[in-house]
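# Structural overview
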Amino acid sequence: MYYELNPNYDVKKAAEASIAATRSGYPPEGVKVLQSYIAPTIPFWGVTLVEAESEEKALDVMLTFVKAAPSLYTKYKVAPAIPLSKAVTKAANP
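Residues numbered from 1 in each chain as written. Predicted model: local features only at pLDDT ≥ 70, side-chain atom pairs only at ≥ 80, totals over all residues. Heavy atoms only, no water.

The four strands are arranged 2-3-1-4 in an open sheet whose pairing can be described as antiparallel. On the outer flanks of this sheet lie strand 2 (31-38) and strand 4 (73-77), each paired with one strand and no other. Pairs of neighbouring strands in the sheet enclose a mean axial angle of 20 degrees, with direction left out of account. Where strand 1 (residues 2-5) lies against strand 3 (residues 45-52), three bridges are found, and the strand directions are antiparallel. Looking at the pairing, E4 lines up with W45 of strand 3. Against the sheet, helix 2 (residues 55-68) makes contact with strand 1, strand 2, strand 3 and strand 4, and its axis sits at roughly 175 degrees relative to strand 4, the strand it touches most. (Pairing = 2+ DSSP bridges. Helix = DSSP H or I, 4+ residues; strand = E, 2+ residues; numbered from the N terminus. Axes fitted to C-alpha atoms, helices over the stretch in contact; angles between N-to-C directions. Contact = heavy atoms within 4.5 Å.)

Shown next, in the form of structure tokens:
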């Protein structure tokens, strides 16, 4: 998942939303958060890598925060991914 944070969003409110999401069952059942990274630049952006039972479960991770703090994100993308080595092999042998 890729996201960009609203640079005008109150940092304290963002932290409170994160705590609220965690208390409400984040991550959702069927999802394992592998890593979360954020770039230390303004505007802030980041990626969260999850292992999920389905694409819908992966989307639930992002929607947890979208519901908790509707204007926190200016952009986000949720997509399945495969290891680069598999993609290269597939591309070389279509």
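What follows concerns the packing of aromatic side chains. Counted according to the given criterion, the structure contains four aromatic pairs. A ring pair is formed by Y2 and W45, whose centres lie 6.0 Å apart and whose planes are at 40 degrees; its orientation type is tilted. Taken together, the positions of Y2 in strand 1 and W45 in strand 3 put the pair 43 residues apart, joining distant regions of the chain. Judged by its relative accessible area of 38%, W45 is partly exposed. (Phe/Tyr/Trp six-rings, centres within 6.5 Å; stacked < 30°, edge-to-face > 60°. Buried < 20%, exposed > 50% of the residue type's maximum accessible area, 1.4 Å probe, protein only.)

Residue position: P43 is located in the loop between strand 2 and strand 3. A sequence separation of 48 residues divides P43 from A91, and the C-alpha atoms of the two residues are 34 Å apart. With residues up to four places along the chain from it excluded, the contact list for P43 reads L5 and P7.

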